[in-house]
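# Coordinates in review
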Amino acid sequence: MSASFDEFVTHHGPELLRLAYMLCGSREQAEDLVQNALVTTYRKWETVSSAERPIAYVRTIVVREDVSWRRRLSNRELPRAIPNDITGDFPDAEIAETDAMWRLLATLPRRQRAVLTLRYYEDLADDDIAELLGCSAGTVRSNASRGLATLRQWALGRKVIGGE
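The rules behind the values
- Residues numbered from 1 in each chain as written.
- Predicted model: local features only at pLDDT ≥ 70, side-chain atom pairs only at ≥ 80, totals over all residues.
- Heavy atoms only, no water.
- 1 Å grid on protein atoms, 1.4 Å probe; cavity = no way out; pocket = protein on both sides within 12 Å on 5 of 7 lines; lining within 4 Å.
- Points joined across faces, edges and corners; volume = space filled by probe spheres on them.
- Helix = DSSP H or I, 4+ residues; strand = E, 2+ residues; numbered from the N terminus.
- Nonpolar A, V, L, I, M, F, W, Y, C, P; charged D, E, K, R; others polar.
- Phe/Tyr/Trp six-rings, centres within 6.5 Å; stacked < 30°, edge-to-face > 60°.
- Buried < 20%, exposed > 50% of the residue type's maximum accessible area, 1.4 Å probe, protein only.
- Salt bridge = Lys/Arg side-chain N within 4 Å of Asp/Glu carboxyl O.

### Looking at the layout of surface pockets
- Reported here for the second largest pocket is a volume of approximately 190 Å³.
- The wall of the second largest pocket is formed by Arg53, Ala56, Arg59, Thr60, Arg64, Leu124, Asp128, Glu131 and Leu132.
- At the level of secondary structure, the elements contributing two or more residues to the lining of the second largest pocket comprise α4 (54–67) and α8 (126–133).
- With four residues, α4 is the single largest residue contributor to the lining of the second largest pocket.
- In terms of residue class, the lining of the second largest pocket is built from three nonpolar, one polar and five charged.

As structure tokens, then:
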């Protein structure tokens, strides 16, 4: 029994928007990304709705759209700089840390950001991520390693700055 397209969007729309936001770091871009993915989904609804896991099919569309070269070329926005000490900007240090992590994640190349988002936010295995991104599991591990190394370098640098 397949759900109608409207029911699918109502049920999974917020989930897709969260994923898109994690990938691109901007609510406006996330909304555009989901809208484009849903247009594609609507055009292929008969195929999508008959798939074993329609949400996985649409999630793949969202991720691939985000990492596509056309999207990179159309994205002219640059992430905000990460301040050395952001804890004074927010009343809650935990919120400040989360905000810093979001901004740092936004500075990673799209494929590294997609891999880390799918691995840690969506809790997908490397093989599943590879299938979504259309690459090998080794490429997924390589991108994850590079992305995590960048995050570690920032964390080490931040600790040094914060300790001064």
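### As for the packing of aromatic side chains
- In total, this model carries three aromatic pairs according to the counting rule given.
- Aromatic side chains Phe5 and Tyr42 sit 5.0 Å apart centroid to centroid with 70° between the ring planes, which places their arrangement in the edge-to-face category. Placement of Phe5 in helix α1 (residues 5–24) and of Tyr42 in helix α2 (residues 27–43) is noted, with a sequence separation of 37 residues between them.
- What makes Phe5 buried here is its relative accessible area of 17%.

### Re the pattern of salt bridges
- Under the defined criterion, the tally for this structure stands at six salt bridges.
- A salt bridge links Arg110 to Asp66, with the nearest nitrogen and oxygen atoms 2.7 Å apart. One end of the pair, Arg110, is in helix α7 (residues 110–121); the other, Asp66, is in helix α4, with 44 residues separating them in the sequence. Of the two residues, Arg110 and Asp66, both sit in the buried class.
- Linking Asp126 and Arg141 is a salt bridge whose minimum nitrogen-to-oxygen distance equals 3.9 Å. Residue Asp126 is located in helix α8, and its partner Arg141 is located in helix α9 (residues 137–163); the two are separated by 15 residues in the primary sequence.
- According to the relative accessible area criterion, Asp126 is buried, its value standing at 17%.
- Connected through shared salt-bridge partners, Glu15, Arg59 and Glu122 make up one network.

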